[in-house]
Structures are given as C-alpha cells and as structure tokens.
Amino acid sequence: MSDVIDPQAREIPVIDVAPFRDGSARAQVAEAVAQACETIGFFVITGHGIAPEKLTRLIAEARDFFDQPEALKTRIKRHGTNFGGPTYVPLNSESLGALDGEVGEADLKESLDVSPRHLGDHWVPGTEALHEAWSEAYAAYEALAADLRALFCVAAGLPEDALEPAFDKHASSTRMLNYPEVHGKLKAGQTRAGVHTDYGAFTVIRGDDAPGLQVRALDGTWVDVPAVPGSFVVNIGDLLMRWTNDRWISTPHRVVTLSDTDYSPRRQSIAFFCNPGPHAVIECLPPFVPANGTPKYPPIRYQAYAEAKFREQVGDPDLELPIDTR
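Keep in mind the model is a prediction, meaning the values are calculated, not measured.

(A) Spatial organisation of the overall build of the protein. What the protein contains, in helices and strands, is 7 helices and 18 strands. Taken over 326 residues, the protein has a buried fraction of 51%. Counting only contacts in the protein whose residues sit at least 6 apart along the sequence, the fraction spanning at least 24 positions is 78%. Surface accessibility of the protein: about 14,300 Å² in total, with carbon and sulfur atoms responsible for 52%.

Right, here's the structure in full:
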C-alpha cells in the first residue's frame, strides 16, 4: 500500500453485488470490494438477495424485548452453561473503547447476543417468538455470509471456496443492539459505542437506517456510514486483516449521537459476526505472503485467537471462551 492517502480512502462505497451473484460482472465487483478492503475496510452492499422480511420480524421482536422492564430482560443472564443460548448485556455494562485502548464511560447501549456454538443462558418464557425470529434471521445471515466469503476469496485472488474449510462448524454469532433515544448531552467521554475494531473475520450489519455509525479513515477523519434502505454494511475484522498480512484493513469505528442537536433518535441494529470454526488454523493467505516469505503473524488456531481477544475485551486474563466443537 502507498503512503499517500487516496481520497477514496475517505469514502465508504456502496457496491451492488448482484452482478457477482448472477455471474454477469464478477471481476468488476470483486475489484471494487478489494479496493474497499485495502482503503477503508467498510462497504455497503445492495443486490444481496436477502428478502427484507427475513430480518424485519427479528428487528420488531428485539424491539419488544428491549422495551420490557429491566427485571424481565435480566432473566436472561450475561453468562450461562447452555451452548446456543442467549446472553443479555444491560445498558451501561460494556465499554467497547477498551478494545482500542480508550477505556472510559460505559457505552449507552444494550444487547442480546446469540451464537449456536457459544455458551449462553436459556430462552425464558415469553421469548418464544423472538427465538423463532432469530432462527429465521440467522439462517439468512449464514447464506449471505457464504456469498461474501466467496466474494472475498475472488477479491483476494483465490478460488471462491478457498476459505470454506476454515468455516466448518463456524463460531459465528449475532448481536441485537438497542441504542435508546438521547435527550441532552452525554457525559464527558461517553458515547453509544466506543471506538473499537471487530476481532472476527468480518461483520455484516443490518440497521434501521438511523444515523450514528462512523468509521475512522486512514487520515483520522471520521466518516459517516451511508444509510441505504434495504442494504447491509460489511466491515473487515481483525482476523481477516491478519489473514491478509495487514493488507486489508480492520478499521476502528464507533456509534455516536448527533452532533448538531440535543436529541438523537433511537437506533437499533443487528450485527452478524462471521467467525471460523474453533480448529481452523489462521495463517497468511498465499496471495499476501511477502517477498521475504515471512508473514507478520505466526499460525494460530481460531479458538486460541478468539480467547485472547475476548480476554482483552473483558479485562480478565484467565477467562476461557468455550466453543462447541461438535
């Protein structure tokens, strides 16, 4: 990569991926994705083929859940012993800025996380419809993630199925996020989600088009992610950056309130974190091996990598992150 900042590195492209999916312009779409991965680490996709109703039901059910009294929501605990169960993280319980070394005020958000291969609590009575909506949306996200893996492979100069062995028994997860409306100014140092990068392979976000998601470009400028109805926002995670020997960029991002008013509307989003299987060995992909033959990072199993990142996030050096390997 050149040391000169490309002006396009300050823009988040909107890419129609339909020509890749139908085969009419695969190379052109892959080239656009490769450029986005190398310059800004984020892009917005349209033409993805996911029907809106696959996620709108989950958005509605999640909203109903978040609108419940705290005592009802906290029946679902933050930790548990049930693989595939949900975990609830209340408001002001997390500081994502810790991942970027900027520990401060807690984030003004709450979340419900679910991963088929991570430990959680149990779905409590009254959440049956939410559970069903999550299952339907998760299947749609899985299909979209498979399409994106093929697209990333072609963009990297690999066969489109090159990454599939690593995603056998994949440890992907979803996070339903609720950012309540804000009246007045936040505390000094507080935001809706602190500056951070995602530590998985890549993330796919479907929001409700409310503003607030920002990306830090290479020159330090904060760039608003464009709100395109019916689209998905895709961003590179730390793991895919490692896979490409830092050629593709895992970009710091945050969720903020509106800067020109004392009121910010409620924001709700659903993030899908696409992660490999626990036994996948993460090592530099062939097109990105440097001329001297020595990549920046040694090979590492995904489970060991994820545990190290999770310990950093929660500040507990002894914490284990069990992943179901069945």
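Once you've had a look at it, read on.
(B) Representation of the packing of aromatic side chains within the structure. Scanning the model with the defined rule gives 13 aromatic pairs in all. Considering the side-chain rings of tyrosine 141 and phenylalanine 232, the 5.9 Å spacing of their centres and the 70 degrees angle between planes classify their relative orientation as edge-to-face. On the criterion of sequence distance, the pair formed by tyrosine 141 in helix 5 (residues 128-155) and phenylalanine 232 in strand 13 (residues 232-236) is long-range, its members being 91 residues apart. Neither residue differs from the other here; tyrosine 141 and phenylalanine 232 are each classed as buried. Three or more aromatic residues joined by ring pairs form one cluster here, namely Trp123, Trp134, Tyr138, Tyr141, Phe232 and Phe272.

(C) Molecular detail of the side chain of aspartate 238. Looking at where aspartate 238 falls in the secondary structure, it is placed in helix 6 (residues 238-243). Judged by its relative accessible area of 14%, aspartate 238 is buried. In terms of polar contacts, aspartate 238 uses its side chain to reach the side chain of lysine 309, at 3.2 Å. Apart from residues lying up to four places away in sequence, aspartate 238 is in contact with Thr197, Asp198, Tyr199, Gly200, Ser250, Tyr305 and Lys309.

(D) Structural detail: unusual backbone geometry. Of note in this structure, asparagine 245 is not a glycine but carries a positive phi near 55 degrees. You will see that aspartate 246, though not glycine, has its phi angle at about 70 degrees, which is positive. Structurally, aspartate 246 can be placed in the loop between helix 6 and strand 14 (253-255). Here aspartate 246 falls in the buried class, since its relative accessible area comes to 19%.

(E) Focus on the pattern of salt bridges. Counted according to the given criterion, the structure contains 12 salt bridges. In this structure, the salt-bridge partner of arginine 57 is glutamate 136, at a minimum N-O distance of 3.8 Å. Linking arginine 57 in helix 3 (residues 53-66) with glutamate 136 in helix 5, this pair joins segments that are 79 residues apart in sequence. For arginine 57, a relative accessible area of 32% puts it in the partly exposed group. Looking at glutamate 136, the relative accessible area reads 30%, which means it is partly exposed. For lysine 73, the salt bridge is made with glutamate 110, and the minimal N-O distance between the two is 2.9 Å.

(F) Region of interest: the environment of leucine 151. Within the secondary structure, leucine 151 sits in helix 5. Residues leucine 151 and phenylalanine 20, spaced 131 residues apart in sequence, show a C-alpha to C-alpha distance of 7.6 Å. Every residue in contact with leucine 151, bar those within four places of it in the chain, is listed here: Val17, Phe20, Val29, Ala30 and Val33.

(G) Structural context of the side chain of serine 173. Within the element layout of this structure, serine 173 appears in strand 7 (residues 173-179). Owing to a relative accessible area of 14%, serine 173 belongs among the buried residues under this scheme. Apart from the residues within four sequence positions on either side, serine 173 is in contact with Val114, Ser115, Ala271, Phe272, Phe273 and Asn275.

(H) Region of the structure containing the sheet that holds strand 7. Pairing is mixed in the open sheet, where 8 strands are placed in the order 1-2-13-10-16-7-5-4. The open sheet has two free edges, formed respectively by strand 1 (14-16) and strand 4 (86-89), since each of these has just one partner strand. Looking at each pair of strands side by side, their axes are set apart by 25 degrees on average, direction ignored. Running at roughly 120 degrees to strand 16 (residues 267-274), helix 3 makes contact with strand 4, strand 5 (110-114), strand 7, strand 10 (202-207), strand 13 and strand 16 of the sheet.

Rules of the game
Numbers given for residues are sequential positions, taken from 1 along each chain in its written order. Only residues with pLDDT of at least 70 get local features here, since the model is predicted, and only at 80 or more are side-chain atom pairs given and counted; chain-wide, interface and lining totals rely on the full set of residues. Calculation of side-chain values draws on the structure's entire complement of heavy atoms; hydrogens and water are dropped beforehand. Runs of E in the DSSP output that reach at least two residues are strands. Runs of H or I that reach at least four are helices, and both are numbered from the N terminus. Exposed residues in this analysis have more than 50% of their type's maximum accessible area, buried residues have under 20%, and partly exposed residues fall in between, with area computed by a 1.4 Å probe over protein chains only. What makes two residues a contact is simply this: any of their non-hydrogen atoms within 4.5 Å. Only the protein chains shown count as covering a residue, and every accessible area follows the Shrake-Rupley method with a 1.4 Å probe. Between the rings of Phe, Tyr and Trp (Trp by its six-membered ring), a pair exists once the centres lie within 6.5 Å; its type follows the angle of the planes, with under 30 degrees stacked, over 60 edge-to-face, and the other angles tilted. Any N or O atom pair separated by 3.5 Å or less is treated as a polar contact, with the protein-specific requirement of one donor-capable and one acceptor-capable atom, and with residues adjacent in sequence counted only for side-chain atom pairs. Salt bridge, as used here, is a side-chain nitrogen of Lys or Arg placed within 4 Å of a carboxyl oxygen of Asp or Glu. At least two bridges found by DSSP between two strands is the condition for calling them paired. Orientation is described by axes fitted as lines to C-alpha atoms, over the contacting stretch for helices, and by angles from 0 to 180 degrees between their N-to-C directions.

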